[in-house]
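# Chain and residue survey
Given next are the chains, with one letter for each unit.
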Amino acid sequence: MSSILVVDDNQDMANGIAMILDEAKHDVKVTHSGKGALSLMEESEFDLVVSDVRMPAMSGFELLERVRARWPLTKVVLLTAYGTIDSAVDAMRTGACDFLTKPFDNSELLRVVQRAIDRGTTSGGFDIAAVVGEVAATVSADDLLPSIRRALDILVQSTGADDAELFLSEPEGGNPLLCLWSGPDGEALSDRTRFEPGLGYPGIVATTGKSICARGDLAQDPRFLRTAVTALGIRSFVAAPLADANGVFGSVHLMSRQDDFPVERVLKLLERAAMPIGSAIRAGLGALRQSVDTMCGHLDDSSPPVRALLESMRQLAAAQYGTLALIDPATGRPNQVVSTGSATLVCKQIEGGHWAECSSLTEGHAFVAEPGRREWPEACRKGLPRRAVSPCCLPLMSGGQVHGLAVLDMGRERTQEAAGQLVPLLSMASQLAIRLQSHHPGLSVDKGSHAAEISSNGNAPELELRCLGPFTISRRGQVISADTFTRSKSIVLLKLLALKAGAPVNRDVLIEHLWPEVDPRQGTNRLHGIIHDLRSVIEPQRADRDWKYIRNRGELYYLDLDAPIALDLSRFRSLATHLGAEGPAEVLSSQLEELVTLYRGDLFEDDPFAAWCSAEREGLKQEYLRTLERLAELYGQQGNDELALRALRLALSASPFRDDLLLAKMKLLERLARATEAVAAYDLYRRRLATELDAEPSAELQSLNGRLLKAARSGA
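These numbers were taken from a predicted model, which means no experiment stands behind them.

With that settled, consider the overall build of the protein chain. A tally of helices and strands in the protein chain yields 27 helices and 24 strands. A total of 716 residues make up the protein chain; the buried ones form 51% of that total. The contacts in the protein chain between residues at least 6 apart in sequence include a share of 61% that link residues at least 24 apart. Carbon and sulfur atoms form 47% of the exposed surface of the protein chain, whose accessible area is close to 32,000 Å².

Here it is in structure tokens:
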């Protein structure tokens with residue numbers, strides 16, 4: 001018998017669900033608000049929470065976040081009367097183990113509830129609770145990678161697996177990287193250490209946030225993409241994501257040569273063990289970032305803090321020596337270079353200001369080269385000093401801007417272990433870039449262009465608001481942290497005014513958005529308070545009350561776009577409105593690429609459940625998708641198949657359940673004779689569709705996949 005808490009502000013609905021679950025022999029309690037649910041959970045332990053999404057005061061999504069933070073082992077099923085694909089995907093990505101769309105029948109409710117409960121059930125074999133307890137006692141943020149390696153050893157020994165491995169994602173949503181492994185097959189595992197999102201099992205877990213079980217002949221699975229591993233006889237595989245409220249940041253895997261490896265039971269263990277492992281990783285990386293803040297508290301003093309940080313990175317990597325070069329945004333060349341040894345590792349491209357030649361910067365990836373230049377990228381072979389043995393390049397990047405590059409020489413003995421340190425080192429490099437933003441303008445990297453051109457950001461706008469993606473506020477190139485504001489509603493008000501892009505908004509409308517349940521007099525006082533708070537942070541002339549950005553005419557408030565302000569939302573709308581259907585291909589592609597670059601993510605991505613901007617958010621997303629479709633078509637006409645493929649991948653990443661986009665991508669891959677990659681994309685789509693929406697691909701997609709599968713098996 002399982003303990004279940006039902007939460008719904010509709011009392012009849014809540015009581016009806018409770019009656020059905022009670023008849024199924026579950027122990028059920030009912031409450032009608034998120035606050036009431038949290039109170040009951042403080043008093044009693046529940047295996048499952050079944051909650052409505054739309055409730056006053058606290059929504060189901062907000063309750064889900066609270067439950068995940070306070071009771072991570074408690075499963076949550078969300079109920080919604082607005083069962084769209086997007087809401088279903090949002091529910092699963094946010095951490096719900098399942099969802100139900102109203103109206104639903106009794107059997108469907110019981111099926112979903114039982115499936116959620118089964119995910120947390122253990123049976124037979126090794127003692128899951130004991131193993132998880134041993135893992136939790138082993139991992140430590142102070143001894144991060146060695147302790148996690150010991151935890152992997154425990155998982156291998158407890159389950160009888162042959163190998164275990166840990167993948168962590170690069171900062172700012174980068175690729176999953178192989179960091180650690182345990183077992184005899186390390187050389188084969190490290191044959192491929194980086195996966196793009198959606199490709200290979202690590203990329204699939206990073207994209208979907210879902211666990212994976214596979215038992216049998218992995219060599220016949222086109223998704224696996226690790227022939228060196230299957231060649232050694234590995235036949236079964238289990239993966240569980242490492243995730244927090246911000247999304248998936250890695251995954252932990254177990255592998256076996258046995259066909260009867262108990263993958264379902266092992267998955268239950270991994271999903272629970274992932275919690276203490278993930279907590280230790282977050283704490284360890286957080287401590288590294290904090291150490292950067294401590295060392296760089298006085299960056300205006302020039303090189304000493306930067307040198308100390310470089311030395312700290314060298315020690316972490318056990319490198320022989322290193323160099324850190326910062327960019328002068330006016331010239332594109334290094335204006336400050338520090339080294340821990342007598343020689344530097346600055347390459348010729350960097351010295352000459354040719355940053356577009358450096359793949360670490362243009363792609364935002366770290367890079368570790370094996371000793372011997374033959375396998376290095378061409379630019380590295382030609383540019384790096386001859387003294388370099390095994391360089392590890394770490395871009396100093398934050399928010400799409402590059403401030404410099406750190407290069408460590410790992411020598412001849414540490415190359416294999418260096419891969420495990422890449423994500424910690426990148427976390428330190430990223431935090432340094434964040435600190436540099438305050439007084440060291442960076443260069444913007446345009447990854448959408450053909451050559452990844454880098455342009456100067458020396459003349460940063462006085463105030464910049466970026467609404468597409470996470471909302472960010474910058475003044476003269478320096479990001480203003482949310483902690484700078486004393487009232488959280490100040491940022492919400494700025495978002496409301498930015499969304500209107502200069503159009504005035506009545507005071508009463510703002511109050512209704514911000515405090516829907518207060519009386520007008522109290523709301524007016526509150527509004528004046530947050531306007532004062534907002535102006536005190538972003539208005540440079542507030543002492544003279546000469547308001548430059550947040551203006552008002554009586555009861556009408558607006559964002560003055562005639563002021564020195566850059567608003568990505570306004571630029572995006574303007575480009576989309578005036579985009580020509582005809583004209584030179586180069587001009588049109590340039591305009592389309594700028595639109596794609598501006599769209600860093602959904603509107604106000606940091607506030608995904610804000611209903612007041614949902615219509616505008618969906619409209620902008622659809623415009624972004626239309627832009628990518630036009631780009632793919634234009635690139636195809638120009639013979640730029642790889643760029644066309646990239647545009648389709650971006651579109652599918654934004655809208656993963658569009659059959660027509662996947663069909664176009666698979667046809668393009670078929671034309672490029674890359675049938676295996678097309679089949680892998682289809683299989684990922686099919687599994688996500690079945691798992692998240694209980695649906696199947698279209699007949700046309702199934703037919704195309706059948707043809708491609710034959711080609712893949714024949715080696716075409």
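Position of Asn705 relative to the elements: it lies in helix 27 (residues 699-713). Beyond its immediate stretch of four places on either side in the chain, Asn705 contacts Met666, Val679 and Tyr682.

For side chains bearing opposite charge, pairing can occur when the charged atoms are close. Counted by the stated rule, this structure contains 29 salt bridges. When the shortest N-O distance is used, the salt bridge between Glu677 and Arg649 registers 2.2 Å. Within this pair, whereas Glu677 is found in helix 26 (residues 675-693), its partner Arg649 is found in helix 24 (residues 641-654), the two being separated by 28 residues in sequence. Judged by relative accessible area, Glu677 falls into the buried class, the value being 18%. We classify Arg649 as partly exposed; its relative accessible area is 24%. Salt-bridge contacts for Glu677 lead to Arg674; the nearest nitrogen and oxygen are separated by 2.9 Å. The network of salt bridges with shared partners includes Glu196, Glu642, Arg649, Arg674 and Glu677.

Quick look at the packing of aromatic side chains now. Scanning the model with the defined rule gives 9 aromatic pairs in all. Here Phe224 and Phe237 contribute two aromatic rings whose centre-to-centre distance is 5.7 Å and whose plane-to-plane angle is 75°, an arrangement assigned as edge-to-face. Of this pair, Phe224 sits in the loop between strand 8 (212-215) and helix 10 (227-230) while Phe237 sits in strand 9 (residues 236-244); the two residues are 13 residues apart in sequence, bridging distant segments of the chain. Ring centres of Phe471 and Phe604 lie 5.6 Å apart, and the angle between their planes is 85°; on these two criteria the pair is classed as edge-to-face. With Phe471 in the loop between strand 18 (463-466) and strand 19 (472-475) and Phe604 in the loop between helix 22 (585-598) and helix 23 (614-638), the pair connects residues that are 133 residues apart, well separated along the chain. The same class applies to Phe471 as to Phe604, namely buried. A network of ring pairs unites the aromatic residues Tyr201, Phe224 and Phe237 as a single cluster.

Moving on, we get to the sheet that holds strand 18. Pairing within the open sheet is mixed, and its 4 strands lie in the order 20-19-18-24. Both edges of this open sheet fall to strand 20 (478-479) and strand 24 (565-567), since each of them pairs with a single strand only. Two strands pair when backbone bridges link them, and strand 18 and strand 24 are joined in this way by 3 bridges, in the parallel orientation. Looking across to strand 24, one finds that Leu465 is bridged to Leu567. Packed on one face of the sheet, helix 21 (residues 568-578) meets strand 18 and strand 24 and runs near 60° to strand 24.

With that out of the way, let us pick up the side chain of Gln431. Of note, Gln431 is situated in helix 17 (residues 422-436). A residue is classified by how much of its surface remains accessible, and Gln431, at 11% relative accessible area, is buried. When near neighbours in sequence (up to four residues on either side) are disregarded, Gln431 contacts Arg289, Val292 and Asp293.

It is worth spelling out the sheet that holds strand 3 (residues 48-52) at this point. If you trace the 5 strands from one edge of the open sheet to the other, you get 2-1-3-4-5, paired in parallel fashion. At either end of the open sheet lies a strand with only one pairing partner, and these are strand 2 (27-31) and strand 5 (98-101). Across the sheet, the axes of successive neighbouring strands diverge by a mean angle of 20°, strand direction being ignored. Where strand 1 (residues 3-7) meets strand 2, 5 bridges bridge the pair, whose relative direction is parallel.

With that settled, consider helix 27. In a regular helix each residue adds 1.5 Å, so 15 residues correspond to 21 Å; helix 27 covers 21 Å between its end C-alpha atoms and thus fits that length. For helix 27, the set of buried residues is Leu701, Leu704, Asn705, Leu708 and Ala712. Looking straight down helix 27, one finds that the buried residues subtend no more than 105° of arc, so they occupy a single side. Of the exposed residues in helix 27, those oriented more than 90 degrees away from the buried face are Ala699, Lys710 and Arg713. Against the buried residues of helix 27 lie helix 25 (659-671) and helix 26.

In this section: the nonpolar core. Among the nonpolar cores identified, the biggest contains 80 residues, and Leu465, Ile473, Leu493, Leu527, Ile538, Leu559 and Leu603 are the most heavily contacted of them. A per-element tally of this core places helix 23 first, with 8 residues. Non-local contacts of Leu559, meaning those with residues more than four positions away in its chain, are made with Leu465, Leu494, Leu497, Ala498, Gly502, Tyr549, Ile550 and Ile565. Within the second largest apolar cluster, 67 residues are counted, among which are Leu144, Leu168, Leu177 and Leu267.

Another aspect to go through is helix 3 (residues 60-70). Considered for burial, the residues of helix 3 that qualify are Gly60, Phe61, Leu63, Leu64 and Val67. Buried residues of helix 3 fall within an arc of 155° about the axis and therefore sit on the same side.

Contact pair helix 25 / helix 27: the axes reach a minimum separation of 10 Å and the direction vectors enclose 20°. Viewed along their axes, helix 25 and helix 27 adopt a mutual orientation that is roughly parallel. Once helix 25 is placed against helix 27, the crossing between them reads as left-handed. Contacts between helix 25 and helix 27 involve Asp659, Leu662, Leu663, Met666, Lys667 and Glu670 from the former and Glu700, Leu701, Leu704, Asn705, Arg707 and Leu708 from the latter. When grouped by side-chain class, the residues that make up the contact of helix 25 with helix 27 number 6 nonpolar, 1 polar and 5 charged.

Now for the pairing of strand 22 (residues 550-553). As paired elements, strand 22 and strand 23 (residues 556-559) share 4 bridges and run antiparallel to each other. Residue pairing across strands places Arg553 opposite Leu556, the latter belonging to strand 23. Hairpin connection, strand 22 to strand 23: the antiparallel pair is bridged by 2 residues, and Gly554 has positive phi, about 65°.

Another aspect to go through is the confidence of the model for the protein chain. With 87% of its residues at a pLDDT of 70 or more, the protein chain has an overall mean of 82. Note on residues 120-124: pLDDT is under 50 here. Beyond four places in sequence and across chains, it has 7 contacts. Under a pLDDT of 50 for its full length, residues 446-459 has, in the predicted model, 36 contacts with residues more than four places off or in other chains.

Another point: the pairing of strand 9. The two faces of the sheet receive side chains in turn, since in a regular strand these alternate between them. Where burial is concerned, most of strand 9 is hidden: 8 out of the 9 residues are buried. Bridge analysis of strand 9 against strand 10 (residues 247-256) gives 9 bridges, and the strand direction is antiparallel. Following the sheet pairing, Ala243 is matched in strand 10 by Val248.

The rules we used
- Residues numbered from 1 in each chain as written.
- Predicted model: local features only at pLDDT ≥ 70, side-chain atom pairs only at ≥ 80, totals over all residues.
- Heavy atoms only, no water.
- Helix = DSSP H or I, 4+ residues; strand = E, 2+ residues; numbered from the N terminus.
- Buried < 20%, exposed > 50% of the residue type's maximum accessible area, 1.4 Å probe, protein only.
- Contact = heavy atoms within 4.5 Å.
- Areas by Shrake-Rupley, 256 points an atom, 1.4 Å probe, with all protein chains shown as cover.
- Salt bridge = Lys/Arg side-chain N within 4 Å of Asp/Glu carboxyl O.
- Phe/Tyr/Trp six-rings, centres within 6.5 Å; stacked < 30°, edge-to-face > 60°.
- Pairing = 2+ DSSP bridges.
- Axes fitted to C-alpha atoms, helices over the stretch in contact; angles between N-to-C directions.
- Expected span 1.5 Å × (residues − 1).
- Arc of directions from axis to C-beta.
- Core = buried A, V, L, I, M, F, W, Y, C linked by side-chain atoms within 4.5 Å.
- Parallel < 35°, antiparallel > 145°, perpendicular 65-115°, else oblique.
- Left-handed = near helix turned anticlockwise from the far one by under 90°.
- Nonpolar A, V, L, I, M, F, W, Y, C, P; charged D, E, K, R; others polar.
- pLDDT = per-residue confidence, 0-100.

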